[in-house]
Amino acid sequence: MLDENIPLVSAAERDNNIDEDSKNQSEESGSTLRLVIPPLIIFATVVTILTFIVVVFVIARDSPSAHYRVDCYPDALSKFSNYSKEACRKRHCWFDERANLSGTQCYMNDNYGYLFEGEEKKQNGIQIKLRRYQALASIFPEPIDNVILDVQYYTNDIIRFKFYDSDNQRYEVPIPLAQSSDHVSNPQYQFKHTSHLLPNNLFSFTIKRRASDTILFDTNLGGLVLNNQFLQIVTRLQSPHIYGFGENNHDTLKHNVYEQKTWGIFARDQATNWGTNTNHYGSHPFYVVMEEKPKTNSTPSGHMHGVLLLNSNAMDYSLRSTPSLTIRTIGGVLDFFMFLGPTPEQVIQQYTWLIGRSILPPYWSLGFQISRWGYSDVEHMEMVTKRNRLANVPFDVQYADIDYMDSRKAFTIDPIHFGQLKKYFSQLNQDGIRTMIILDPGMIDDKKYYQPTIEGIQEDVFIRWNQSKTLIKGVCWPGDVFYPDFLVNQTQTWWSRWINNFRKVNLTFDGLWIDMNEPALFSTNDPVPWNSGETGSNYTLKCSQNQFDDPPYRTKAVFRFDNDMDRSARLSDHTLCMSALQGEVNSRTNQSKYRHYDVHNLYGWSETKATWNALRSTIEKRSLILSRSTFVGSGQWSSHWFGDNQATWNEMKRSIILMIEFNWFGIPFNGADICGFEQIPTEELCIRWMQLGAFYPFSRSHSSKKPFDQDPASWSKPTVSIMVSALRIRYTLLPYYYTLFYNAHTQGSTVIRPLFHEYPTDKITLDIYLQFLIGSSIMIAPVTDDGLRQVRVYIPSSHWYDYYTGSLIQAKQEFITVNAPLETIPIFLRGGGIIPTQGYASNTKYSRMKPFGLIVVLNADGQAAGDLFYDDGESFNTIDTQNYYYAVFTWSSKDRQLSINVTVNNYSYMSTLVLDSLTIYGWNQIPTSILIDNKYLHKINKSDTQLIRIEQLSMIMNKSHVVTWDEIKNNNN
């Protein structure tokens, strides 16, 4: 405990005062005492003093007090934080009156931390006992004094390290993970712990990459705090190139550590355009760092590592210019996994192996999709569908938002405006158009007539206040609602039954769009709900003052909103009370397993899993779930859209960042509302956004209740023509996308990736995010600013070609300016790839009947390779049962051969399809003809462009082929 009467000074001032006192004492001693000291003693004394100075220097150099302050009041900027010198001292922290709020004015005592008590070696790791240094009071209540640090060598490339209370059981995240290896024979990491001589033998540890001896995680800066409702860890970063964490509205892909920002993570009904520096619908405490070579001028090593904090409580993370990272959470345990890679793709593969690989989406879901909130009736929807078909807009999916419901109640249909919806959906299905409907989790408080609620109460499926089964009630679209607890088995059964019956009796659909599942409640803790005029109810949920709704530290995910309110923001704003009970009842204690405080961020995850199981039994084919709220591992059941965005150029840019981040998070099937959900887009913005959105993995036009429609065919004819052109390129590339999703599903690879995934030693790529790669072979450089007809594009090393002209880009590792007229989005192809294609059509039902093609893009050595995965596009388990087609393509100019090797040939429909065309980039020596399987002679006519296109090949897809050529002539074009 600090003495409140001791003046608070910095560590440096303390050191200076100590030095000054020593000097004065020395001078006083020298003036009163004269001794004759033998030379040998003088020499020994000098050596001892010099040794002591060196030791002190080393300790001072490595000591946190020398150069680093751990922020003790990260909520200081909130107008309700009561921040002051006195408030800082109440947290038992140091206060520097000379520092301002842009620095670290209130900071932790350097001596706070944990002491090493002993260790026990395990088969695959170490268990370390720690004891809190109790001479100092904790900054928040209920410190955890006795701690176990469990270090587990999970696999050769993954290390797990978890801090937990050795005396009391604490909540841990209940999601399934891949099992650890029984025997780790060649770990790529080294865990090392130490206790400083000063101050006070505090414990710290490092994790190194063995191959390079690079330190990846280093806690010697101090700041380790483990309390009941405040857990904090601080680590140095190996480099300032840190990415990830979400879901936030980041404005750059790479975090700027020099801005020294703090971000919150907590699932919240928060549109991406509602303010800056905010948290949104999901929780993904996962980050990656691109490493630098030591003792160089920030030269990238080409290695990446990733770190997951498996914790579902509200949290925040702060970045400092050191560079360093501070993570704070308010419950559970600090349970970390580190992924060593070393390449970027390997890191994501290791991460998704642990948390669950992403879905293989149904083929139809890769097609373009049309939606809006505000269809007035079935006729309005039918009119939109008809005009897009007449305008030759290819699309596969039609959505129904909450407009179709009776008074916005789930599992109902508005009998007046949407009474013919079932019939219309059936007509769409016959034409190859699939349908998706929205479904919200809140069930209206109608215990007399509304059967989902009546049965739900009977079956005990709703979240309760307490064990007396008093239901917690909130407000959403239909009015007063109850929320199902998807963490209990009876709720999953009830949910599955209602989905099944609704689809059989009321409305046939192909997928479910689950919204408002953070869970989102309207106006919690406010006097009156904002939608009371629509529902006729003035009720709002009001959460009592308690340790769960009002914890000692609220995190940036909450206090970020203080300055926008006339009261202190609370965890329960926009959602349920944190004190609510969830989960199965423990038979021994007769208590529910969880508080909403701990599992809030799992609500969307648990609903997604329950919906996946329901659709699997209902439709019995691959379906699509589109979920707004996500957590670690959600990608194994669902896709994700980025929620309510705005029709602005900045929101368009943010969508690229989110698209890449969610590939890292293991949810590669993602995308934004094209042209913006809110506000009215300009025609040019919508053109450019549609050009970009045509290459989102999940490509959908969706808008709010605007005075006019926003679908592609609602615009002028020239604009529609531009949009159709972009969408036709997408449809041509769908076999390539589908193969990428196969690789993501089976190997954990990304579908959309930043340039540095493929060029990890190129320093310039570390900051680029307005260009992105589709797989490894296609680069998109969209126009993201108003009025531009050119775009600045970075060309990494290796051969790159213009998609449209076939011309080789005469640049490497430099920026070039590319023309981008309004009708064009710049697209580049990387040398060395073979991209499978298929003819476009009005939707995938018909495009899947079209001939295939191969785009062959030669590298500097005249080589190229690629692959194709194909199945029926909708059956379950085609991979496990090997009911699919897989072929590998290899081109060698040196050997004058294209090899098409079919390795899996169990999808019988491929026998009806042909490979009909080759489009070749970079083929400078062109033969007069080619041989197919040494039999068929096909002549090649000289092209007027730099693309060589060979057509009408008619090679049956279910057979392997070899294409060869002999005579060569120069292509002078």
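Residues numbered from 1 in each chain as written. Predicted model: local features only at pLDDT ≥ 70, side-chain atom pairs only at ≥ 80, totals over all residues. Heavy atoms only, no water.

## A word on the overall build of the protein chain
Check the secondary structure of the protein chain and you find 19 helices and 52 strands. Computed over the C-alpha atoms, the radius of gyration of the protein chain is 31 Å, within 12% of the 30 Å expected from 2.2 N^0.38 for a compact globule of 973 residues. A burial count over the protein chain gives 62% of its 973 residues as buried. Total accessible area computed for the protein chain in this model is approximately 37400 Å², and 49% of it derives from carbon and sulfur atoms. Of the side-chain charges in the protein chain, 89 are positive and 100 negative, and the distance between the mean point of each set is 3 Å. (Helix = DSSP H or I, 4+ residues; strand = E, 2+ residues; numbered from the N terminus. Rg over C-alpha atoms; globule rule 2.2 N^0.38 Å. Buried < 20%, exposed > 50% of the residue type's maximum accessible area, 1.4 Å probe, protein only. Areas by Shrake-Rupley, 256 points an atom, 1.4 Å probe, with all protein chains shown as cover. Lys, Arg positive; Asp, Glu negative; His and termini not counted. Charge placed at Lys NZ, Arg CZ, Asp CG, Glu CD.)

## Brief notes about the domain arrangement of the protein chain
Looking at the assigned domains, one finds that the protein chain contains domain 1 (114–342) and domain 2 (851–966). Spacing between the C-alpha centres of domain 1 and domain 2 amounts to 47 Å. (Domains from an automatic or database assignment.)

## Observations regarding the environment of His417
Following the sequence through the fold, His417 ends up in the loop between strand 20 (397–400) and helix 7 (421–430). A relative accessible area of 38% places His417 in the partly exposed class. Separated by 42 residues in the primary sequence, His417 and Tyr375 place their C-alpha atoms 9.5 Å from one another. In this structure His417 touches Ser376, Asp377 and Val378, once residues within four positions along its chain are discounted. Of note is the side chain of His417, whose polar atom sits 2.8 Å from the side chain of Asp414. (Contact = heavy atoms within 4.5 Å. Polar contact = N/O pair within 3.5 Å; in protein donor to acceptor, adjacent residues only side chain to side chain.)

## Things to note about helix 16 (residues 717–732)
Relative to the 22 Å expected for 16 residues at 1.5 Å per residue, helix 16 spans 22 Å between its end C-alpha atoms, a close match to the ideal helical length. By the burial criterion, the buried members of helix 16 are Thr719, Val720, Ile722, Met723, Val724, Ala726, Leu727, Ile729, Arg730, Tyr731 and Thr732. Contact partners of the buried residues in helix 16: helix 15 (683–693), helix 17 (734–747), strand 39 (827–830), strand 40 (833–838) and helix 19 (844–847). (Expected span 1.5 Å × (residues − 1).)

## Re the state of the cysteines
Scanning the model with the defined rule gives four disulfides in all. Residue pairing for Cys543: its cysteine sulfur links by disulfide to Cys577, the two sulfurs lying 2.0 Å apart. Taking the torsion about the sulfur-sulfur bond, which here is approximately -90°, the covalent link between Cys543 and Cys577 counts as left-handed. Here Cys577 lies in the loop between helix 11 (556–559) and strand 26 (581–585) and Cys543 lies in the loop between helix 10 (532–535) and helix 11, a separation of 34 residues in the sequence. Here Cys543 falls in the buried class, since its relative accessible area comes to 8%. (Disulfide = S-S within 2.5 Å.)

## A few points about the UniProt feature "domain: Glycosyl hydrolase family 31 C-terminal" (unreviewed entry) in the protein chain
Using the residue numbers shown here, the UniProt feature "domain: Glycosyl hydrolase family 31 C-terminal" (unreviewed entry) corresponds to residues 748–835. As annotated, residues 748–835 has a helix share of 5% and a strand share of 34%, and its two end C-alpha atoms lie 20 Å apart. (UniProt positions renumbered as here; feature names shortened; annotations may be inferred.)

## Observations regarding the UniProt feature "domain: Glycoside hydrolase family 31 TIM barrel" (unreviewed entry) in the protein chain
Annotation from UniProt places "domain: Glycoside hydrolase family 31 TIM barrel" (unreviewed entry) at residues 360–740. Regarding residues 360–740, the helix share stands at 34% and the strand share at 13%, and the terminal C-alpha atoms are separated by 10 Å.

## Topic: the pairing of strand 51 (residues 961–964)
Residues His961 and Val963 line the buried face of strand 51, whereas the alternating positions Val962 and Thr964 sit on a face that is not buried. Relative to strand 51, strand 44 (residues 897–905) is paired through four bridges, and the arrangement is antiparallel. Of the residues in strand 51, the one forming a bridge with Ser899 is Val962. Bridge count between strand 47 (residues 929–932) and strand 51: two bridges; the pairing is antiparallel. By the bridge assignment, Ile932 is partnered in strand 51 with Val963. (Pairing = 2+ DSSP bridges.)

## A short note on unusual backbone geometry
Of note, the amide linkage connecting Gly246 to Glu247 takes the cis form, showing an omega dihedral of 15°. Structurally, Glu247 is set in strand 12 (residues 242–248). The step from Gly341 to Pro342 runs through a cis peptide bond, and the omega angle for that step is 15°. Within the secondary structure, Pro342 sits in the loop between strand 18 (334–339) and helix 5 (344–355). At Ser407, a position not held by glycine, the phi torsion is positive, near 55°. Its place among the elements puts Ser407 in the loop between strand 20 and helix 7.

## A closer look at the packing of helix 8 (residues 451–458) against helix 9 (residues 489–506)
Interhelical geometry of helix 8 versus helix 9 gives an angle of 155° and a closest axis separation of 11 Å. Relative to helix 9, the element helix 8 lies roughly antiparallel. Like other packed secondary-structure pairs, helix 8 and helix 9 cross with a definite hand, here right-handed. Contacts between helix 8 and helix 9 pair Gln451, Pro452, Glu455 and Gly456 from the former with Trp494, Arg497 and Trp498 from the latter. Of the residues belonging to the contact of helix 8 with helix 9, the class tally is three nonpolar, two polar and two charged. (Axes fitted to C-alpha atoms, helices over the stretch in contact; angles between N-to-C directions. Parallel < 35°, antiparallel > 145°, perpendicular 65-115°, else oblique. Left-handed = near helix turned anticlockwise from the far one by under 90°. Nonpolar A, V, L, I, M, F, W, Y, C, P; charged D, E, K, R; others polar.)

## Things to note about the pattern of salt bridges
According to the stated counting rule, one finds 48 salt bridges in the structure shown. Between Arg69 and Asp96 there is a salt bridge; the shortest N-O distance is 2.8 Å. Within this pair, whereas Arg69 is found in the loop between helix 3 (64–67) and helix 4 (85–90), its partner Asp96 is found in the loop between strand 1 (94–95) and strand 2 (106–107), the two being separated by 27 residues in sequence. As a salt-bridge pair, Arg654 and Glu651 come within 2.8 Å of each other at their nearest N and O atoms. Taken together, the residues span about one helical turn, with Arg654 and Glu651 both in helix 14 (residues 649–664) at a distance of three residues. Comparing Arg654 with Glu651, the two get one shared label, buried. Linked by salt bridges that have partners in common, Asp269, Asp515, Glu518 and Arg628 make up one network. (Salt bridge = Lys/Arg side-chain N within 4 Å of Asp/Glu carboxyl O.)

## So, helix 9
Counted at 1.5 Å a residue, the expected span for helix 9 with its 18 residues is 26 Å, and the 25 Å between its end C-alpha atoms agrees. Looking at helix 9, one finds that the buried residues are Thr491, Trp494, Trp495, Ser496, Trp498, Ile499, Asn500, Phe502 and Arg503.

## Re the packing of aromatic side chains
Enumeration according to the criterion identifies 64 aromatic pairs in this entry. Chaining the aromatic ring pairs together yields one cluster made of Tyr363, Tyr738, Tyr742, Phe852, Phe869, Tyr870, Tyr884, Tyr886, Tyr907 and Tyr909. Positioned above the aromatic ring of Phe876, the side-chain terminus of Arg616 is 4.0 Å from the ring centre. A cation over a ring is seen here: Arg700 above Trp513, with NZ or CZ 4.5 Å from the ring centre. (Phe/Tyr/Trp six-rings, centres within 6.5 Å; stacked < 30°, edge-to-face > 60°. Lys NZ or Arg CZ within 6 Å of the ring centre and 35° of its normal.)

## A short note on the confidence of the model for the protein chain
The predicted model of the protein chain has a mean per-residue pLDDT of 92, with 92% of residues at 70 or higher. Low pLDDT (under 50) marks residues 1–36, which in the prediction has 28 contacts with non-local residues, meaning those over four places away or in another chain. Contacts of residues 51–66 to residues separated by more than four positions or lying in other chains number 13 contacts, the stretch itself having pLDDT below 50. (pLDDT = per-residue confidence, 0-100.)

## Side note on the sheet that holds strand 39
With antiparallel pairing, the five strands of this open sheet are ordered in space as 33-34-35-39-37. Two strands in the sheet have a free side with no partner beyond their single neighbour: strand 33 (752–753) and strand 37 (800–802). Of the strand pairs in this sheet, strand 33 and strand 34 (residues 772–774) are connected by two bridges, and their pairing is antiparallel. Considered in strand 34, the bridge of Arg753 is made with Leu773.

## Topic: the environment of Gly635
Looking at where Gly635 falls in the secondary structure, it is placed in the loop between strand 28 (624–627) and strand 29 (639–641). Of the residues examined, Gly635 reaches a relative accessible area of 2% and is grouped as buried. Between the C-alpha atoms of Gly635 and Met578, which are 57 residues apart in sequence, the distance is 26 Å. Setting aside residues no more than four positions away along its own chain, Gly635 makes contact with Arg357, Ser358, Ile359, Gly666 and Ile667.

## Considering the environment of Asp673
As for its position among the elements, Asp673 is in strand 31 (residues 673–674). Exposure remark for Asp673: the relative accessible area of 0% places this residue in the buried category. Taking the C-alpha atoms as reference points, Asp673 and Thr296, 377 residues apart in sequence, are found 43 Å from one another. Excluding its chain neighbours within four sequence positions, the residues that come into contact with Asp673 are Trp641, Gly643, Asn645, Trp689, Arg700 and His702.

## A look at the side chain of Asn249
Here Asn249 is to be found in the loop between strand 12 and strand 13 (262–265). Within the local environment of Asn249, its side chain forms a polar contact with the backbone oxygen of Gly275, the two atoms lying 2.8 Å apart. Beyond its immediate sequence surroundings of up to four residues, Asn249 is in contact with Trp263, Thr272, Gly275, Thr276, Asn277, Thr278, His280 and Arg654.

## Description of the sheet that holds strand 15 (residues 300–309)
The strand order across the open sheet formed by eight strands is 3-4-5-6-18-15-14-12, and the pairing between neighbours is antiparallel. Strands at the two margins of the open sheet, each flanked by one partner only, are strand 3 (114–122) and strand 12. Along the sheet, successive strands turn relative to each other by an average axial angle of 20°, direction set aside. This element, helix 5, spans strand 6 (158–165), strand 14 (279–292), strand 15 and strand 18 of the sheet and lies at about 20° to strand 15. Lying over the sheet, helix 14 contacts strand 12 and strand 14, oriented at roughly 100° with respect to strand 12.

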